[in-house]
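Notes for the structure review
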Amino acid sequence: MNHDESRDLYDRALSVMPGGVNSSVRAVRPYPFFVERGDGAHVVDADGNRYIDYVMGYGPLLYGHDMPDPVRSAVQSYASDGPMYGAPTEIEVEHAEFVARHVPSVEKIRFVNSGTEATVSAVRLARGYTGRDKIVVMEGGYHGAQESTLVEGEPGDTAPSTKGIPASFAEHTVPVPFNDPEAVDEVFEEYGDDIAAVLTEPILGNMGIVHPVEGYLEHLREVTDEHGSLLIFDEVITGFRVGGLQCAQGKFGVTPDVTTFGKIIGGGFPVGAIGGRADVVERFSPSGDVFQSGTFSGHPVTMAAGHAYLTYAAENGVYDYVNDLAETLRRGLTDIVEDNAPSYTVVGTDSMFKTIFTREGPDDLTDACEAGCVQRESCPRYGYCPKNGADVANAETERWERIFWQEMKERGVFLTANQFESQFVSYAHTEEDVEETLEAYKEAL
Ligand code: PLP
């Protein structure tokens, strides 16, 4: 493949943008390809190369680069009528009503502009509601580029994981290993009355797709109730993807107090949202005493796109299609991995999938199945699954990023450059795309 145009664009970008990009994950080595346009399940780059896209904008694009007709006409009409006003619109109310009707935890919701803004606001809300400072998070979890969660270390000995965050922020954050109820009990024993919230994704989607083991989310629910702390599910990735319109909380039957959303809920436009119990979410200003505000929040074009997106999904069997196709892909990948690289493993659920390059075979590692993964009854058992961050830390990151990702790209398949970030099947992908993808995996592995 020729990449001259992309390389030239990257040189230009480097001279005016830090790292040449506007989001650090896009700065792949040696340089990213620059996208000219999307087309269904594909993207076409500045040199005219075509790729099957499983990055899907890092998750928002349930329909790939297609817009179903109702979405397209809603977007066009709201964009040409405004595009925004700084005053409320009916479409915000409709979108909020839709989410509240389908997602178990949501009685009230506030829309913001990104997943990061949603988790920042949710943490502030929990602190304001409880009058406490500490937040329990999962090791290896990701909640956006925000001060309270960019933290590393052990409970009681934490530090910011990036420059620019005062150490005092990290002191209030308590990381625990995912899927370890005893570790949670210990931190509640130590800090119980100071813990404002436990914040977790119901399925960790930034650490290789890690499912909760049986009873784990229930345990978080019980222990937070017991101590008067809030349970926050970050469904920025899983929202309206895992468990369909009820999200992962509906699938697992555990209802948090607060849920954060992003990605799909905005129909491909910038979005975030914080939903939850009415008495909690009502604490946002102006009804409550936790300040929250935003020029673009509830942007009419985003609301129209998000609402049309979800309505279309509800009426057209979209989740059945994407989940079945992803299952075909995961099964195909499992066979290929077994033949070519048996220590590697295929993970995923619904329309999420990933191949994790583990350094050691399953015998040396914890198996989430044996640990009681909630999916084990229905799961076809693709292979070894990681149970927490320690397992994932075993992965061959360099091999994925330096070699495999490039090999796939050169074969016309666009994957996430970071091997821990989930990939997505969309409504625009076809059986032929899956076959072509499997062929590329086989050759590249
Ligand atoms: N929470 C989770 C679980 C995410 O995966 C992400 C981003 O990928 C965020 C929050 C942050 O969302 P955004 O990138 O829209 O700020």
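The structure displayed is predicted, hence computed values, not measured ones. (Residues numbered from 1 in each chain as written. Predicted model: local features only at pLDDT ≥ 70, side-chain atom pairs only at ≥ 80, totals over all residues. Heavy atoms only, no water.)

Description of the UniProt feature "modified residue: N6-(pyridoxal phosphate)lysine" (unreviewed entry) in the chain
The condition that has to hold: UniProt positions are given in the numbering used here, feature names are shortened, and annotations may be inferred rather than shown by experiment. By the criteria applied, helices consist of DSSP H or I runs no shorter than four residues and strands consist of E runs no shorter than two, each listed in order from the N terminus. We call two residues in contact when some of their heavy atoms are within 4.5 Å. Between N or O atoms, a polar contact is any pair within 3.5 Å; within protein, one atom must be a potential hydrogen donor and the other a potential acceptor, and residues adjacent in sequence are included only when both atoms are from side chains.
UniProt records the feature "modified residue: N6-(pyridoxal phosphate)lysine" (unreviewed entry) at Lys263, using the numbering of this structure. Structurally, lysine 263 can be placed in the loop between strand S11 (258-262) and strand S12 (272-276). Once residues lying within four places of it in the same chain are set aside, the contact partners of lysine 263 are Tyr58, Gly59, Pro60, Val236, Ile237 and Val271. Within the structure, lysine 263 has its side chain in polar contact with the backbone oxygen of tyrosine 58 (distance 2.8 Å).

As for the nonpolar core
Convention followed: The definition of a nonpolar core used throughout is a set of buried Ala, Val, Leu, Ile, Met, Phe, Trp, Tyr and Cys residues joined through side-chain atoms within 4.5 Å. For every residue, the accessible area (1.4 Å probe, protein chains only) is compared with the maximum for its type, and the residue is labelled buried under 20%, exposed over 50%, or partly exposed between those bounds. An automatic or database domain assignment supplies the residue ranges for each domain.
Ranked by internal contacts, the top residues of the largest apolar core, which has 72 residues, are Ile109, Phe240, Phe261 and Ile265. Looking at this core, the element that brings in the most residues is helix H10 (residues 300-315), giving eight residues. Summarising the domain contributions, this core has at least three residues from each of domain 1 (4-66 + 318-444) and domain 2 (69-315). Here isoleucine 265 is in contact with His95, Val99, Ile109, Phe111, Phe240, Val271, Ala273, Gly306 and Leu310, once residues within four sequence places are set aside. Formed by 33 residues, the second largest nonpolar core is a distinct cluster that contains Ile336, Phe353, Trp400 and Val434.

A word on the site of the ligand
What counts here: If a single non-hydrogen atom of a residue is within 4 Å of a molecule or strand, that residue counts as near it. Residue burial considers only the protein chains on display, and all accessible areas are found by Shrake-Rupley using a 1.4 Å probe. Charged residues are taken to be Asp, Glu, Lys and Arg, nonpolar residues to be Ala, Val, Leu, Ile, Met, Phe, Trp, Tyr, Cys and Pro, and polar residues to be all remaining types, Gly included.
All residues adjacent to the ligand are Ser114, Gly115, Thr116, Tyr142, His143, Gly144, Glu201, Asn206, Asp234, Val236, Ile237 and Lys263. Between the ligand and glycine 115 there is a distance of 2.9 Å, counted from an oxygen atom to a backbone nitrogen or oxygen. Relative to its free-state accessible area of 390 Å², the ligand is covered by the protein chains to the extent of 83%. Per-class residue counts for the shell around the ligand are three nonpolar, six polar and three charged.

Overview of the domain arrangement of the chain
Defined as follows: A simple way to read buried area is as the amount of 1.4 Å-probe accessible surface that goes missing from two parts once joined, with both sides added. We count a salt bridge whenever a side-chain nitrogen from Lys or Arg sits within 4 Å of a carboxyl oxygen from Asp or Glu.
The domains assigned to the chain are domain 1 (4-66 + 318-444) and domain 2 (69-315). Across the contact, 36 residues belong to domain 1 and 29 residues belong to domain 2. Buried area between domain 1 and domain 2, both sides added, is near 2900 Å², and the carbon and sulfur share of it is 61%. The largest per-residue losses of area from domain 1 upon contact with domain 2 belong to Tyr63, Tyr319 and Val374, which jointly make up 21% of the total buried on that side. Summed over the shared surface of domain 1 and domain 2, the number is one salt bridge. Notably, a salt bridge pairs lysine 251 with aspartate 350, separated by 2.6 Å at the nearest N-O pair. Counting across the interface, domain 1 meets domain 2 through 14 residue pairs in polar contact (both at pLDDT 80 or more). Only helix H11 (318-340), strand S13 (345-349), strand S14 (352-356) and helix H12 (389-392) provide two or more residues apiece to the side of domain 1 that touches domain 2. At four residues, the largest contribution of residues to the side of domain 1 that touches domain 2 is made by S14. Looking at side-chain class alone, the side of domain 1 that touches domain 2 contains 21 nonpolar, ten polar and five charged residues.

Thoughts on the packing of aromatic side chains
As a reminder, the rule being used: Between 30 and 60 degrees the pair is tilted, below 30 it is stacked and above 60 it is edge-to-face, where a pair is any two Phe, Tyr or Trp rings, Trp via its six-membered ring, whose centres lie within 6.5 Å. Only Lys NZ and Arg CZ are tested; either one counts as a charge over a ring when it is within 6 Å of the ring centre and within 35 degrees of the ring normal.
The tally for this structure, following the rule as stated, stands at 16 aromatic pairs. Look at phenylalanine 33 and phenylalanine 414: their rings are 4.8 Å apart centre to centre, the planes differ by 65°, and that puts the pair in the edge-to-face class. Separated by 381 residues along the polypeptide, phenylalanine 33 in the loop between helix H1 (4-16) and strand S1 (35-39) and phenylalanine 414 in strand S15 (residues 413-414) bring together distant segments of the chain. Judged by centre distance (5.6 Å) and plane angle (80°), the rings of tyrosine 63 and tyrosine 312 are edge-to-face. Here the residue tyrosine 63 occupies a position in the loop between strand S3 (50-53) and helix H2 (69-80), and tyrosine 312 occupies one in helix H10, the gap between them amounting to 249 residues. Linked through ring pairs, Tyr63, Tyr309, Tyr312, Tyr321 and Tyr427 together constitute an aromatic cluster. Note that lysine 134 overlies the ring of tyrosine 191, its terminal NZ or CZ placed 5.1 Å from the centroid.

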